[in-house]
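# Descriptive analysis of the structure
Residue strings, one per chain:
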Amino acid sequence: MTTSSSSAANRAPRYLQFIQTYGMLLILLLVVAIFSMLSPNFFTTGNLINIFRQVSIIGIIAVGQTLVILTAGIDLSVGSIVGLAGAVSASVTLGTGNPLFGVLAGLLTGAAVGLFNGVMVSYFKLTPFIVTLATMTGVAGITLVYTNGNPIIVSEPVYKFIGQGYIGPVPFPVVLLVLVYLLFFFILRKTVHGHYIYSIGGNEKASILAGIQVKKHKVIVYTVSGLLAGLAAVILSARLSAATPVAGTGYELDAIAAVILGGTSLFGGKGGVGGTLIGVLLLGVLTTGMNLINVSPFYQDVVKGAIVLVAVLLDRFINADSQ
C-alpha cells in the first residue's frame, strides 16, 4: 500500500529521500546544462518551445501509460491506437467537413480500444502484457485494412490548427499537453479515484478487501489510456495534415521509457504524472541535443536505452535501501 511505502521513505536516509524526490529533475537540469555548453543554439527560447512541441504527443500518451502502470499493468497498444484513431479522425473530418466530428471520432476510437483492454484485463483476468500485445497487433492490422495502406490527407484549417496552431507564442499542442498534465495531477492527488489507483497498484487484494471496486477502476484507467492515445493521434494527424497507417509505431516504448525515467514503479503503487513529465522532457532534450551536436541516430538509441537501464537500476537501489 502507499502508506507503507511512504513510511519506508520517511525512514530512509536524508540523501536517499532527496534523490528520490529530486534526482531525475537534477539529471534533466544537468543534461540541459551540458547541451547548452556543447551547442550555442540549444538554450534558446525557440528551441525550448520546439522541445515541448516535439514531446507533446508522447507526453500525452505517457500520462495514460502512467495511470496503467500505477495499477501494476502495462499498455502496449497505445502506438497502434494512435494509428487507428488518427485514420478514423482524419477520414471522418474529410467525409463530413466537420473537424469536431473528426476529433470526437478519434477520441472515441481510442477510448473504445482502451475499454476493450480494460474489460479483458479486469473481468476476464487476462495478463495486461498479453492483452495489450494482442490488441497492438490486431489494431495495427485493422488500421491497414481501414486505410488500404494509404495515408488520409486532411486540409481542413480548424483541424490543422490542433497540431499546427499557436496561442500567442505557444504551440497549441503544448497548451493541450500542459492542460492534460494539470488535470491528471489533480485527479491523482486530490480525488478518490486517484487514491484508488495507488491503492490498487500497491496491493490489489487489500484494495478488494477494503471494498474498492477494483475491476471498475482498472477499466476506467485503460479506457483513459486509450482516450489519451486518441487525443495524441488527433494532434499528430493535424500536425502532419495527414493520417498514415503506420503512425504511432514504437510510441508505446517511448511512453513506457518516459514513465520509468519519471520514477513510476513497474510494480505499481508509486509514482505520478509530475515525474513522467520530467521523463518525457529528458527524452526530448536528449533527442534534440544530440541532433544539434550531430550524434548519429544509431548512437542516440544506445544512449536512451542506457539511460533507461540506469534509471531502473537506480530506482531498485533506492527502494532496496529505503525498506
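Above this note sits the structure.
As a starting point, this report considers the structure included with it. Keep in mind it's a predicted model, so treat the numbers as computed, not measured. (Residues numbered from 1 in each chain as written. Predicted model: local features only at pLDDT ≥ 70, side-chain atom pairs only at ≥ 80, totals over all residues. Heavy atoms only, no water.)

Here we come to the overall build of the protein chain. Regarding its fold elements, the protein chain presents 14 helices and 4 strands. Relative to the globule expectation of 20 Å for 323 residues, the C-alpha radius of gyration of the protein chain, 20 Å, shows essentially globular dimensions. Only carbon and sulfur atoms are counted for the fraction: they give 71% of the accessible area of the protein chain, which is about 15,100 Å². Side chains of the protein chain carry 15 positive and 8 negative charges; the gap between the two charge centres is 9 Å. (Helix = DSSP H or I, 4+ residues; strand = E, 2+ residues; numbered from the N terminus. Rg over C-alpha atoms; globule rule 2.2 N^0.38 Å. Areas by Shrake-Rupley, 256 points an atom, 1.4 Å probe, with all protein chains shown as cover. Lys, Arg positive; Asp, Glu negative; His and termini not counted. Charge placed at Lys NZ, Arg CZ, Asp CG, Glu CD.)

Turning our eyes to something else, we now look at the environment of T127. Here T127 lies in the loop between helix 5 (99–122) and helix 6 (128–147). Taking the C-alpha atoms as reference points, T127 and G275, 148 residues apart in sequence, are found 26 Å from one another.

This paragraph deals with helix 8 (residues 172–190). Its 19 residues give helix 8 an end-to-end C-alpha distance of 27 Å, which sits within 8% of 27 Å, the value for a rise of 1.5 Å per residue. Of the residues making up helix 8, those classed as buried are F172, P173, V174, L176, L177, V180, Y181, F184, I187 and L188. (Expected span 1.5 Å × (residues − 1). Buried < 20%, exposed > 50% of the residue type's maximum accessible area, 1.4 Å probe, protein only.)

Summed over all chains, the structure comprises 1 salt bridge. When the shortest N-O distance is used, the salt bridge between K218 and E204 registers 3.3 Å. Here the residue K218 occupies a position in helix 11 (residues 214–240), and E204 occupies one in helix 10 (residues 204–209), the gap between them amounting to 14 residues. Classification of E204 as partly exposed rests on a relative accessible area of 32%. (Salt bridge = Lys/Arg side-chain N within 4 Å of Asp/Glu carboxyl O.)

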